[in-house]
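# Structural description and commentary
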Amino acid sequence: MAKVLEGPGMDLLKKWGMEVPRHVVITSPDQFSHLANVNAWLRDQKLVVKAHEAIGSRMKLGLVKVGLDLAGAEKAAKEMLGKTVGGMTVGQVIISEMVQHEKEYYVAVKSVRDGAEILTAAVGGIEIESQWEKIQRLFVSVGSPPEPAALKKLAKSAGFPSEMVDPVAEFLGKLYECYDQEDGQYLEINPLTWRASDRQLVALDAVIMVDGDARFRHPDWNFTFASEFGRPYSNDERAIMEIDSRIKGSVKFIEIPGGDTALLPAGGGASVYYADAVVALGGKLANYSEYSGDPPDWAVEALTDKVCSLPGIKRIIVGGAIANFTNVKKTFAGIIGGFRRAKSEGKLEGVEIWVRRGGPYEKEGLAAMQALEKEGFNIHVYDRWTPLTDIIDMAIQGKRAS
Amino acid sequence: MSIVATKETRVVIQGGPAGQNAARRMAEFCHLIKQPFIVSAFVFPPDAGKTVELPYGSQLISVPVYKTIAEATTRHPEINTSLVYVGPDRAYAAALEALNDKKIQLVSMITEGVPEKDAKLLTKAAKERGKLFNGPSAIGIISAGECRLGVIGGSFDNLVLSKLYRPGSFGVVTKSGGLSNEIIWMASQFADGITTAIGIGGDGFPGSDYATYLDLFEKDQQTKAVVIVGEMGGDLEERAAEWYGQKKRRIKLIAVVSGFCAEVLPKGMKFGHAGAKEGAHGEGTARRKAELLRKAGAIVPETFGKLGPAIQQTYQELVRAGVIKAQEDVDAAALPKLPKTVDQAIKEGDVFVEPLVKTTITDDRGDEPLYVGYAASDLINKGYGIPHVIGLLWDKRLLSAQEAEIVKRILMLSADHGPCVSGALATIIGSSAGIPLSQSVAAGLLMIGPRFGGAVTDAGKYFSYAVKQRMTPEAFLEYMKANVGPVPGIGHRVKSVKNPDKRVKELVGYVKSLGIPTPHLDFALQVEKITTGKKENLILNVDGTMAAVLVDLGFPVDSLNGFFTLARTIGFIGHWIDQKQQGSRLIRLFDYLVNYAAPKRRDVPPLK
């Protein structure tokens, strides 16, 4: 799943025929007055200003301001841009019109096994949070778009008044079309509302998640995906994502501030068991990482660089199962290169390295790792005969291998 | 017995190099279990019509490549399975093509990064056709002693270590490819090994899942227990729990689930697998999955570390209950070995190979070439130059600075001699005819011979013979006249005593100024004195001078023509570039430059 920020997300809804509030995204306060000169609505309407970043709890952090006039909006945008919150800087601000409305509703399309679920409720906004049971669902099999009659029935069963059934059903049809055609995975509009001025259904706020793997068939997706864990990606995380996007195999890297145990394991599956083992023993993870699919050694080396640069780490876990086709010797050569550079930069002072691995060229790879001991690394190397996560027990509890 | 991948499975692989690599691994397995190779065909349009050669034991097997699945299954009606190894943008079309073929019953897709919608559509298509779709992102399927689909099982050594040459009693289903191998290994250490192991892939909605295969394992009498490796996200583990809890099942179920760490990590964090993500409202947590599996009667160790002992305990209980009969281990030494490559065998001291070529000058097997033992970079960094490289590669010695200077001057003096000489002209004609550089320069080099630039070696040979035999110049000329003919290195087409060759003067002057012993040069100059007395143009020419000087420096006679050839190559390349850049037109001789001395036109007599 890949999260799309509000600006490009709203543009996707609009592309598929749904009404959204007029909005502009700016990256510097200077742009604002120029935009106001040419867009009458910025002068005539009450405005909402929001930080256009993947930052959680924006309301609480003062990164959402509502009901502003032009001058107020300009001031709020100026204050937000460049503001640093929890180490992350606000680089973009979205300004949208405030839509006068009364009732709020809820609509969503969610990817499920074999197809999708269309969800709707005649209540929306914050009210829906306490009334999930009011949501009515319609399963749609993949490749078979919903019949208008089924959508009308859904709207009716959700309790929409009769004059709204047709427009809501039509809106749901558009939302499904958008989901289906844009490789959506989760589209949620909350609140959906009835715009007083022109009696149109308008999407006031939306969560838009699309399938990042489908990017190849959407040349108009000119946006980057936002993080989904309440903060924007760091530069190191972006650097590894960029490498990941252009290599055979994969490398992944997410920082977790404050941890002392760094992960550098192989395999999307095994890496999570390593993370679990660390957490189960009360260890604190400094990151989540993995490499898999026989990535080139330089990519593994770049990942190693980032792992070694994590502040305050006491140990690095170079774990992995018995590989099917990842060349242990070559990928370890990348890790060793990264370790050597980090050490020459004084980064691995007092850091223990724990290794466990098997797979093609395991003997050569493990021997090369073991040889690092002679270069002054504090390294502990185990092969397939030591169970997968035993190195975590040894590293954190000081238990020796039985 | 086994499920899905059996002795009857015959395969078409869709895709290029990655698929070929998988086929190679599959051939290794077939060799290990002494079964015929099961890959009948490849479908890869860019290579359609060709064959792919794969090692099978010490043989090579040719597997044909087709453009379409239909062609492959028509030509090889035994095919019933397709493995998809094409990129994510074409994977859907490829898999659908396979599902649409009547003969194919199983499609397994290794491709990662396939859009979720495509996977769902393929799952639906498979269901509608009553077929099995495994994947995407699925490492493959292996049945011990029977069939390997994909690279699952890893390297040949691992196949043997994990006892995959004979069936055990445990089924394995995992999302992760690496962990499938790990569990196979554990099942062979803590129990009697596996029947079938299946990687279903880590995507959100794989085509078939734990429940699909548990149902099949339940029907396979050889399988007594199944290990599933789950992870947070989605509901596949919940579905497995539901299946297991529905009624009394014959098979034991052992399950581990990962993702407990998510409880303390930032919400919304993504792990390595696309499907490993918690739902928006707390569905799919590791804890809930583990609880549901436990409630359904599965054995669920708290951590991965406790999985090995859990497998062992289950195995021992099943043996005690008489459900599993402990089998005697096969003597691994009696199993077929993967033939070594010649490289490996030499490394391990198993064979001796008589070398075909011997070299005494160079070795590039390390990280850079060594010239007679000296690393090229060392030579550069210590101030040596091209003449020293020539000294090393042509005479296996490091020249002194003085010798190098002489060699350098020889090269500089003979680098070019204008466009009219036969060699340069040949190169120019080539360049003007649009012939590429190396061929045009080679045309010029072909002109080097007894009449142009190629007399250096012969001149050196006779001068050094004369000096060695202590001949007088007169006796030498007598000898040459009687036995050889014109003296190589003496005489010039245009230069003469009155019109001396400046290059010769320059070289002789410089060498003499150094005050080093030059017996061959001195002898050649004495010879010249006599020959020019007879005819003005019988001067010591540049070939002869180079020859005498180089022999004085100690270069072997065999190397001498090399100096001219090397030097003049610089000129030829220059001429080629010059003509090319001018865009010269094709050169054709004018009729007036030809003396047409052939018979005039006449009647052709009738053929007899």
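## Quick look at the overall build of chain B
Counting its regular elements, chain B contains 22 helices and 16 strands. Its C-alpha atoms give chain B a radius of gyration of 40 Å, clearly above 25 Å, the size a compact globule of 608 residues would have. Dimensions of chain B, computed from C-alpha atoms along their principal axes, come out at roughly 120 × 70 × 55 Å. A buried classification covers 51% of the 608 residues belonging to chain B. A sequence separation of at least 24 residues applies to 73% of the contacts in chain B between residues at least 6 apart. Summed over its atoms, the accessible surface of chain B is roughly 29600 Å², and 55% of this surface lies on carbon and sulfur atoms. Counting 73 positive and 63 negative side-chain charges, chain B places the averaged centre of each group 5 Å from the other.

## What about the overall build of chain A?
In terms of regular secondary structure, chain A is built from 12 helices and 19 strands. Expressed along its principal axes, the backbone C-alpha trace of chain A runs to roughly 75 × 50 × 40 Å. Long-range contacts, defined as pairs at least 24 residues apart, comprise 67% of the intrachain contacts of chain A with a sequence gap of at least 6. Counting only carbon and sulfur atoms, one obtains 51% of the accessible surface of chain A, whose full area is about 17000 Å². Here chain A carries 48 positive and 54 negative side-chain charges, and the mean point of each set is 2 Å from the other.

## Some words on the pattern of salt bridges
Counted according to the given criterion, the structure contains 53 salt bridges over all chains. The shortest N-O distance in the salt bridge between Asp114(A) and Lys127(B) comes to 3.6 Å. Here the residue Asp114(A) occupies a position in the loop between strand E8 (104–112) and strand E9 (115–121), and Lys127(B) occupies one in helix H4 (residues 116–128), the pair thus bridging two chains. In this structure Asp114(A) comes out as partly exposed when scored by relative accessible area, which is 27%. With a closest N to O distance of 3.3 Å, Glu403(B) and Arg397(B) form a salt bridge. On the basis of relative accessibility, which here comes to 18%, the residue Glu403(B) falls in the buried class. Given a relative accessible area of 23%, Arg397(B) falls into the partly exposed group. One continuous salt-bridge network, built from bridges that share partners, spans Arg113(A), Asp209(B), Asp235(B) and Arg239(B).

## Remarks on the packing of helix H16 (residues 437–446) of chain B against helix H22 (residues 560–582) of chain B
All names here are of chain B. For the pair H16 and H22, the least separation of the axes is 9 Å and the interaxial angle reads 130°. With respect to each other, H16 and H22 are oriented oblique. In this structure, the crossing between H16 and H22 has a hand that is right-handed. Here H16 contributes Leu437, Ser440, Val441, Gly444 and Leu445 to the contact with H22, which in turn contributes Thr565, Thr569, Phe572, Ile573 and Trp576.

## A closer look at the sheet that holds strand E14 (residues 362–363) of chain B
Residues and elements named next belong to chain B. Strand order in this open sheet of 3 strands is E14-E15-E16, and the pairing throughout is antiparallel. One side of each edge strand has no neighbouring strand; the edge strands of this open sheet are E14 and strand E16 (374–375). Pairing of strand E15 (residues 370–371) with E16 involves 2 bridges; the strand directions are antiparallel. Along E16, the bridge assignment pairs Tyr371 with Tyr374.

## Concerning the domain arrangement of chain A
Considered domain by domain, chain A is made up of domain 1 (22–97), domain 2 (104–216) and domain 3 (233–397). Here the C-alpha centre of domain 3 of chain A lies 43 Å away from the C-alpha centre of domain 2 of chain A.

## Points about the confidence of the model for chain B
Considering every residue of chain B, the mean pLDDT works out to 95; 99% of them sit at 70 or more. As scored by the predictor, the complex reaches a pTM of 0.83 and an ipTM of 0.92.

## Concerning the pairing of strand E3 (residues 51–56) of chain B
Residue and element names in this part refer to chain B. Here E3 shows one buried face, formed by Val52, Leu54 and Tyr56, and one open face, formed by Thr51, Glu53 and Pro55. Note: E3 against strand E4 (residues 59–66), 6 bridges, orientation antiparallel. Looking across to E4, one finds that Val52 is bridged to Val63. Where E3 folds back on E4, the antiparallel hairpin that results is connected by 2 residues, among which Gly57 adopts a positive phi of roughly 60°.

## Things to note about the interface of chain B and chain A
Counting residues at the interface gives 61 residues for chain B, matched by 48 residues for chain A. For the pair chain B and chain A, the summed buried area comes to about 4500 Å², and 57% of that belongs to carbon and sulfur atoms. Applying the counting rule to chain B against chain A returns 6 salt bridges. The salt bridge involving Asp180(A) is made with Lys117(B); its shortest N-O contact spans 3.5 Å. Our count for the chain B to chain A interface comes out at 30 residue pairs in polar contact (both at pLDDT 80 or more). Those elements that place two or more of their residues in the side of chain B that touches chain A are H4, helix H5 (156–161), helix H6 (177–190), strand E12 (225–231), helix H8 (236–246) and strand E13 (252–258) of chain B. Looking at side-chain class alone, the side of chain B that touches chain A contains 23 nonpolar, 21 polar and 17 charged residues.

## Structural notes on the sheet that holds strand E8 (residues 140–143) of chain B
All names here are of chain B. Strands sit in the order E9-E8-E11-E10-E12-E13 across an open sheet of 6 strands; the sheet is mixed. Only two strands of the sheet have a single partner each, and these edge strands are strand E9 (147–150) and E13. Across the sheet, the axes of successive neighbouring strands diverge by a mean angle of 10°, strand direction being ignored. Note: strand E10 (residues 170–174) against strand E11 (residues 194–199), 4 bridges, orientation parallel. Following the sheet pairing, Thr174 is matched in E11 by Gly199. Along the sheet face, helix H1 (residues 17–32) touches E8 and E9 and points at about 170° away from the line of E9.

## A short note on unusual backbone geometry
Residue and element names in this part refer to chain A. Asn190 connects to Pro191 through a cis peptide bond whose omega is 5°. Mapped onto the elements, Pro191 comes out in strand E11 (residues 184–195). Phi is positive for Asp183, close to 50°, though the residue is something other than glycine. Along the chain, Asp183 falls in the loop between helix H6 (162–181) and E11.

## Some thoughts on helix H18 (residues 473–483) of chain B
All names here are of chain B. Turning to H18, its buried residues are Pro473, Phe476, Leu477 and Met480. In a view along the axis of H18, the buried residues occupy a sector of 95°, so they form one face of it. Structural note: H18 exposes Glu478, Ala482 and Asn483 on the side pointing more than 90 degrees away from its buried face. Along its buried surface, H18 packs onto helix H17 (456–468) and helix H20 (519–534).

## Topic: the nonpolar core
In summary, soluble globular proteins display a tendency toward joint burial of nonpolar side chains. Membership of the largest hydrophobic core comes to 116 residues, with the highest contact counts inside it found for Phe37(B), Leu149(B), Phe170(B), Ile228(B) and Leu293(B). The biggest single contributor to this core is helix H8 (residues 268–280) of chain A, with 8 residues. In terms of nonpolar packing, the next biggest core, distinct from the first, is built from 46 residues, Ile410(B), Val456(B), Val511(B) and Leu553(B) among them.

## Some words on the environment of Ile587(B)
Residues and elements named next belong to chain B. Within the secondary structure layout, Ile587 lies in the segment after H22. Residue Ile587 is classed as partly exposed on the basis of its relative accessible area, which comes to 40%. Separated by 156 residues in the primary sequence, Ile587 and Ser431 place their C-alpha atoms 9.5 Å from one another.

Definitions and limits used
- Each residue is numbered by its place in its chain's sequence as written, counting from 1.
- Going through the entries in the order they are written, you letter the chains from A and number the ligands from 1.
- Since the coordinates come from a predicted model, pLDDT governs what is reported: local features require at least 70, and pairs of side-chain atoms require 80 or more to be given and counted, while whole-chain, interface and lining totals use all residues.
- Side-chain calculation: all heavy atoms of the structure are included, whereas hydrogens and water are not.
- The helix count covers DSSP runs of H or I at least four residues long, the strand count covers runs of E at least two residues long, and both are numbered beginning at the N terminus.
- Only C-alpha atoms enter the radius of gyration, while the globule expectation follows 2.2 Å times N to the 0.38, with N the number of residues.
- For each residue, the accessible area found with a 1.4 Å probe, counting protein chains only, is set against the maximum for its type, and the residue is called buried under 20%, exposed over 50%, and partly exposed in between.
- Residues count as neighbours in contact if any of their non-hydrogen atoms are within 4.5 Å of one another.
- Computed with the Shrake-Rupley method and a 1.4 Å probe, the accessible areas treat only the protein chains shown as cover for residues.
- In this tally, Lys and Arg are treated as positive and Asp and Glu as negative; His is ignored, and so are the chain termini.
- Every charge is mapped onto a representative atom, which is NZ of Lys, CZ of Arg, CG of Asp or CD of Glu.
- A pairing counts as a salt bridge when a side-chain nitrogen of Lys or Arg comes within 4 Å of a carboxyl oxygen of Asp or Glu.
- Note on method: axes are straight lines fitted to C-alpha atoms, helices fitted across the in-contact stretch only, with angles between N-to-C directions ranging 0 to 180 degrees.
- Note on terminology: angles under 35 degrees are roughly parallel, angles over 145 are roughly antiparallel, angles of 65 to 115 are roughly perpendicular, and the others are oblique.
- Whether a crossing is left-handed or right-handed is set by the direction in which the near helix is turned from the far one by less than a right angle, anticlockwise for left-handed and clockwise for right-handed.
- Pairs of strands are assigned from DSSP output, requiring at least two bridges between the strands.
- Domain segmentation is taken from an automatic or database assignment of domains.
- Residue-level confidence of the predictor is what pLDDT reports, using numbers from 0 through 100.
- Throughout, buried area stands for the accessible area (probe radius 1.4 Å) lost by two parts on being put together, summed over both.
- Nitrogen and oxygen atoms within 3.5 Å of one another constitute a polar contact, given that in protein one can donate a hydrogen and the other can accept it, and given that sequence-neighbouring residues count only through two side-chain atoms.
- Charged means Asp, Glu, Lys or Arg here, nonpolar means Ala, Val, Leu, Ile, Met, Phe, Trp, Tyr, Cys or Pro, and polar covers whatever is left, Gly included.
- Note: the arc covers the axis-to-C-beta directions of the helix.
- Nine residue types can take part in a nonpolar core, namely buried Ala, Val, Leu, Ile, Met, Phe, Trp, Tyr and Cys, and a core is a set of them joined through side-chain atoms within 4.5 Å.

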